[in-house]
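Structural overview
Each chain is listed here by its residues.
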Amino acid sequence: MTKYIITTESGSDISRHLVERYGIVVIPMHVTMGSKTYDDGDFDAKDLYDFYHETGKLPKTSGTTPQDCTTAFEKVFNEHPDAHIIHIAYSAVTTVSYNSCIITARELENIHIVDSKSLSGGLTAIVVATAKLIESNSAITPAEIIAFVEKIREKTHCLFLPKSLLYLRAGGRVSNAAFLGASLLRLHPTIILEDGYLVASKKYRGSFERCLKNAIKDFVTGFNIDPETLTIGGTVGLSDAHKQLGEATLANYGYQDPQWFTAGTVISSHGGPGAFAIIGIEKE
């Protein structure tokens, strides 16, 4: 029986509980504030927002480096010499992490890399589904695992509802005109994943509470989501009231006890405080 170790980037925002439950190895991405660069996960996302408000400069994010990958992979092989690594990568079109792993894998054996075409909680959903597959099939091959990821990544859906477009504007993802128009008209554009890219999608109008409820409604009625994969959460600053509203709205559509996640510093630096997200994998 082949022993598999799943690795992924910290931008998956995978919880410590899931890391320990499935033996996931997390490779750090990075955030730069001023002249200092930090590993994603080594500090609180609130520090990002404090930095921006104090300096007017948006923190910069970067992917894993080849050295980061080498360090992680060699540690796995030192502990499990006969293991095969399944690396489920953060969306390749958004960062250098995927290429960093490819570079490292040229020097090592038994590393199998696949682009999740996802990030944050979406990447976690794919990682967990893959871990469950491996647990339930001791004879599975690396090729079958990769094929599984390539299949479910097309069924994985993520929707982000920023509370404010301030951080997206600061990062150049929203123009000043769009920012002012949205503010004046009380519009809340959503951000979704399409083929690995984060793209602007449907705009909701009204209070954030109203937009949150309508976004959830459209998500769960638009996709036949497997309840076991349904996950909600958001960035630091998402209020308890908005969390409760999200949970109550899902209950109205028959989704009880969703999983929860908190976005890490990489996603938080783009989404800003108080953003809401909903994620799920469609049923077969």
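Residues numbered from 1 in each chain as written. Predicted model: local features only at pLDDT ≥ 70, side-chain atom pairs only at ≥ 80, totals over all residues. Heavy atoms only, no water.

**A short note on the overall build of the chain**
For clarity, the threshold we go by: Each helix is a run of H or I in the DSSP string that is no shorter than four residues. Each strand is a run of E no shorter than two, and both are numbered from the N terminus. We compute the radius of gyration from the C-alpha atoms alone; for a globule the expected value is 2.2 Å times N to the 0.38, where N is the number of residues. Partly exposed describes any residue whose relative accessible area lies between the buried limit of under 20% and the exposed limit of over 50%, with all areas from a 1.4 Å probe on protein chains only and scaled to the type maximum. In what follows, residue pairs with any heavy atoms lying within 4.5 Å of each other are defined as contacts. The charged-residue count follows a simple rule in which Lys and Arg add positive charge and Asp and Glu add negative charge, with His and chain termini not counted at all. Just so you know, the charge point we use is NZ for Lys, CZ for Arg, CG for Asp and CD for Glu.
A count of helices and strands for the chain gives 11 helices and 13 strands. Relative to a compact globule of 284 residues, whose C-alpha radius of gyration would be 19 Å, the chain shows 19 Å and is just as compact. On the principal axes, the C-alpha backbone points of the chain span a range of 60 × 50 × 30 Å. The burial tally for the chain puts 50% of its 284 residues in the buried class. Considering only intrachain contacts with a sequence separation of at least 6, the fraction spanning at least 24 residues in the chain is 75%. For the chain, the distance from the average site of its 26 positive side-chain charges to the average site of its 32 negative ones is 10 Å.

**Thoughts on the confidence of the model for the chain**
Reading fine detail from the predicted coordinates is not recommended where pLDDT is low. Here is the rule we go by: pLDDT: the predictor's confidence for each residue, scored from 0 to 100.
For the chain, mean pLDDT is 90; residues scoring 70 or higher make up 92% of the total. Long-range and interchain partners of residues 170-185, a stretch whose pLDDT sits below 50, account for 17 contacts in this model, where long-range means more than four residues apart.

**Some points on the nonpolar core**
Short version of the rule: We call a set of buried residues a nonpolar core when its members are Ala, Val, Leu, Ile, Met, Phe, Trp, Tyr or Cys and they connect through side-chain atoms within 4.5 Å of each other.
Counting residues in each nonpolar core, the largest one holds 44 residues, and the members touching the most others are Ile6, Ile24, Leu48, Ile86, Ile88, Tyr90 and Val127. Element by element, the count of residues in this core is highest for helix 5 (residues 120-136), at 8 residues. In this structure, Tyr204, Phe208, Ile216 and Leu238 belong to the second largest nonpolar core, which totals 19 residues.

**Some words on unusual backbone geometry**
For asparagine 110, which is not glycine, the phi dihedral falls at a positive 60 degrees. Tracing the backbone through its elements, the reader meets asparagine 110 in the loop between helix 4 (97-105) and strand 7 (111-115). Asparagine 110 gets classed as partly exposed once you look at its relative accessible area, which sits at 32%. Phi is positive for aspartate 257, which is not a glycine, with a value near 50 degrees. Among the structural elements, aspartate 257 can be located in the loop between helix 10 (240-252) and strand 12 (259-262).

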